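Letter by letter, the chains look like this.
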Amino acid sequence: MSANDRPTGQPTAPHDSAFLKACRREPVPHTPVWFMRQAGRSLPEYRKVREGIAMLDSCMRPELVTEITMQPVRRHGVDAAIYFSDIVVPLKAIGIDLDIKPGVGPVVEQPIRTRADLARLRDLTPEDVWYVTEAIGLLTAELGATPLIGFAGAPFTLASYLVEGGPSRNHEHTKALMYGDPELWADLLDRLADITAGFLKVQIEAGASAVQLFDSWVGALAPADYRRSVMPASRKVFEAVAGYGVPRIHFGVGTGELLGLMGEAGADVVGADWRIPLDEASRRIGPGKAVQGNLDPAVLFAPTEAVRAKTGEVLQAAEGLEGHIFNLGHGVLPDTDPDALTRLVEDVHTRTAR
Ligand code: 1CP
């Protein structure tokens, strides 16, 4: 069955999908499921179409982006698609000299550490990312009633790659700048907030039904530092796209102590990793927000019965919450068996059918 060809009684537009209903905290026919990093990573059909094409080049080819974005929707029957791209694409698009190195991640040729470096961060225009607009046009036509999630990296996580020059465990250069030159840091995050907001606007205007702001590495900060040095920029991003009325999702790893502040930053949905049960996460996030998560992605390497048991624990912790979107606590791990993901979608749908 194609996404356009559903039996009667099924939603006919993304607006009526279980995913968007859950984001709005409305009653749902079943708990919606999607997976962070569902596109790419574990799928053999992904590796096949990517053969010989560099990661960043693949993000600039609308037909290829459409195919890769559709693959997990076709294979797993997830309730939403996530646009295939990377958080560093808008930085590359404004001329930052960076590459995504296989097995490493984003690497920035000349890190950004001084006031003079800031001048390299100009605003993003829709023309800089014409391929995103084109790909989303193709995708919304093919997806039918299945919603498309657009995304961007949050200012802190983008700053970490720019200041460190690549992936980092301890974010030491980033924190040195944050504590050592708060004014420059604030200006850097403010610049990144504008670029990020610009990138999300392009995706929403092209047809994305929701957006997720990935602040993957912000769990490295204490709450007081988050509030003072990061929250203003993340809030600026959420406010910039508030007028579109599409749900805004906020996610980071290891953010148990930050969930309240992440909710305050302005999202409609807040994601949590597996280190905190969802009922406690929801309590910390506060009223009026849906929650997303939070099965440990490593659980998918356990036998099927163990996966079912851990899935049951997540669903139980989410019982009674207004608005739960089932997801992993972080992205799909590259060696995950794709069939385990398909079984997980079926299991959540069956157990939560109302
Ligand atoms: O669902 C999807 O897979 C959509 C595509 C997607 C997304 C949502 C990619 C493709 N990247 C991202 C987001 C992203 N990229 C995040 C936020 C989500 C998360 O925390 O997982 C982050 C932190 C990145 C940065 C990045 N890009 C890394 C992590 C490096 C580190 O610091 O440890 C890596 C390895 C990449 C490369 C990348 N991005 C995407 C793919 C398919 C790949 C691998 C490319 C390759 O191997 O050539």
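Everything numeric here is computed off the predicted structure, so don't read it as measured data.

1. Describing the overall build of the chain
- Looking only at helices and strands, one finds 16 helices and 9 strands in the chain.
- Against the globule reference of 20 Å for 354 residues, the chain gives a C-alpha radius of gyration of 19 Å, in line with a compact fold.
- Counting only C-alpha atoms and orienting by the principal axes, one finds that the chain spans roughly 60 × 45 × 40 Å.
- Within the chain, buried positions represent 50% of all 354 residues.
- Sequence-distant contacts, at least 24 apart, represent 74% of the contacts inside the chain between residues at least 6 apart.

2. A few points about the environment of Glu-67
- For Glu-67, the location among the structural elements is in helix α4 (residues 62-76).
- A tally of 21 C-beta atoms within 10 Å means that Glu-67 is categorised as buried.
- Sequence spacing of Glu-67 and Phe-84 is 17 residues, and the spatial spacing of their C-alpha atoms is 9.2 Å.

3. Points about the site of the ligand
- In the vicinity of the ligand there are 21 residues, among which Gly-40, Met-55, Gly-105, Pro-167 and Ser-216 approach most closely.
- For the shell around the ligand, the per-class residue count stands at 11 nonpolar, 7 polar and 3 charged.

4. A closer look at the nonpolar core
- The biggest cluster of nonpolar side chains holds 112 residues, and the ones touching the most others in it are Ala-81, Ile-149, Leu-189, Ala-208, Val-211 and Val-218.
- The biggest single contributor to this core is helix α10 (residues 182-206), with 11 residues.
- In this structure Ala-81 touches Thr-69, Met-70, Val-73, Leu-139, Leu-143, Thr-146, Leu-148 and Ile-149, once residues within four positions along its chain are discounted.

5. With respect to the UniProt feature "site: Transition state stabilizer" (unreviewed entry) in the chain
- Per the UniProt record, the feature "site: Transition state stabilizer" (unreviewed entry) sits at Asp-86.
- Relative to the helices and strands, Asp-86 is located in the loop between β1 (81-82) and α5 (89-93).
- When the 18 C-beta atoms within 10 Å are taken as the criterion, Asp-86 is described as partly exposed.
- Dropping the residues within four chain positions of it, Asp-86 is found in contact with Met-55, Cys-59 and Ile-100.

6. Regarding the UniProt feature "binding site: substrate" (unreviewed entry) in the chain
- Per the UniProt record, "binding site: substrate" (unreviewed entry) is found at Arg-37, Gln-38, Ala-39, Gly-40, Arg-41, Asp-86, Tyr-161, Ser-216 and His-330.
- Inspection of the secondary structure puts Ala-39 in the loop between α1 (18-23) and α2 (44-50).
- Residues contacting Ala-39, with those up to four places away along its chain left out, are Ile-68, Thr-69, Gln-71, Pro-72, Ile-82 and Phe-84.
- Within the element layout of this structure, Tyr-161 appears in helix α8 (residues 155-164).
- Not counting residues within four places of it along the chain, the set of residues in contact with Tyr-161 comprises Val-88, Pro-106, Val-108 and Gly-166.

7. Remarks on the packing of α8 against α10
- It is at 9 Å that the axes of α8 and α10 come closest, and there the two elements cross at 115°. One way to sum up the angle between α8 and α10 is to call them roughly perpendicular. The handedness of the crossing between α8 and α10 is right-handed. On α10, the residues that touch Pro-155, Phe-156, Leu-158 and Ala-159 of α8 are Leu-188, Leu-189, Leu-192, Ala-193 and Thr-196.
- Along the lines of polarity and charge, the residues of the contact of α8 with α10 split into 8 nonpolar, 1 polar and no charged.

8. Quick notes on the pairing of strand β2 (residues 98-101)
- Relative to strand β3 (residues 105-108), β2 runs antiparallel, the two sharing 4 bridges. Its bridge partner being in β3, Lys-101 is matched across the sheet by Gly-105.
- Linkage of β2 to β3, two consecutive antiparallel strands, is achieved through a turn of 3 residues, within which Gly-103 is found at a positive phi near 80°.

9. Brief notes about the packing of α8 against helix α9 (residues 172-180)
- Here α8 crosses α9 at 105°, and the two axes come no closer than 8 Å. If you check the angle between α8 and α9, you find them roughly perpendicular. Where α8 approaches α9, its residues Ala-159, Ser-160, Val-163 and Glu-164 are matched on the opposing element by His-173, Thr-174 and Leu-177.
- Here the contact of α8 with α9 is built from residues that sort into 3 nonpolar, 3 polar and 1 charged.

10. Some thoughts on the environment of Ala-317
- Along the chain, the position of Ala-317 falls in helix α15 (residues 304-318).
- Beyond its immediate stretch of four places on either side in the chain, Ala-317 contacts Pro-277, Leu-278 and Asp-279.

11. Quick look at the sheet that holds strand β4 (residues 148-153)
- The 7 strands are arranged β1-β4-β5-β6-β7-β8-β9 in an open sheet whose pairing can be described as parallel. Edge positions in the sheet fall to β1 and β9 (324-328), since each of these pairs with one other strand and no more.
- Sheet strands touched by α10: β4 and β5 (210-214). Its angle to β4, the strand with the most contacts, is close to 170°.

12. So, the pairing of strand β6 (residues 248-251)
- Here β6 shows two buried faces, one formed by Arg-248 and His-250 and the other by Ile-249 and Phe-251.
- Relative to β6, β5 runs parallel, the two sharing 4 bridges. Bridge pairing in β6 places Gln-212 opposite Ile-249.
- Chirality of the crossover, the property in question, places the unit of β6, helix α13 (residues 259-264) and strand β7 (residues 269-271) among those that are right-handed.

13. Observations regarding helix α12 (residues 231-240)
- For α12, the full list of buried residues reads Met-231, Ala-233, Ser-234, Val-237 and Phe-238.
- Residues of α12 that are buried in the fold lie against α8, α10, β5, α11 (223-229), β6 and α13.

Conventions we followed
Residues numbered from 1 in each chain as written. Predicted model: local features only at pLDDT ≥ 70, side-chain atom pairs only at ≥ 80, totals over all residues. Helix = DSSP H or I, 4+ residues; strand = E, 2+ residues; numbered from the N terminus. Rg over C-alpha atoms; globule rule 2.2 N^0.38 Å. Buried ≥ 20, exposed ≤ 12 C-beta atoms within 10 Å, placed from the backbone. Contact = placed C-beta atoms within 7 Å. Near = placed C-beta within 6 Å. Nonpolar A, V, L, I, M, F, W, Y, C, P; charged D, E, K, R; others polar. Core = buried A, V, L, I, M, F, W, Y, C linked by C-beta atoms within 7 Å. UniProt positions renumbered as here; feature names shortened; annotations may be inferred. Axes fitted to C-alpha atoms, helices over the stretch in contact; angles between N-to-C directions. Parallel < 35°, antiparallel > 145°, perpendicular 65-115°, else oblique. Left-handed = near helix turned anticlockwise from the far one by under 90°. Pairing = 2+ DSSP bridges. Right-handed = clockwise from strand over helix to strand, strands pointing away.

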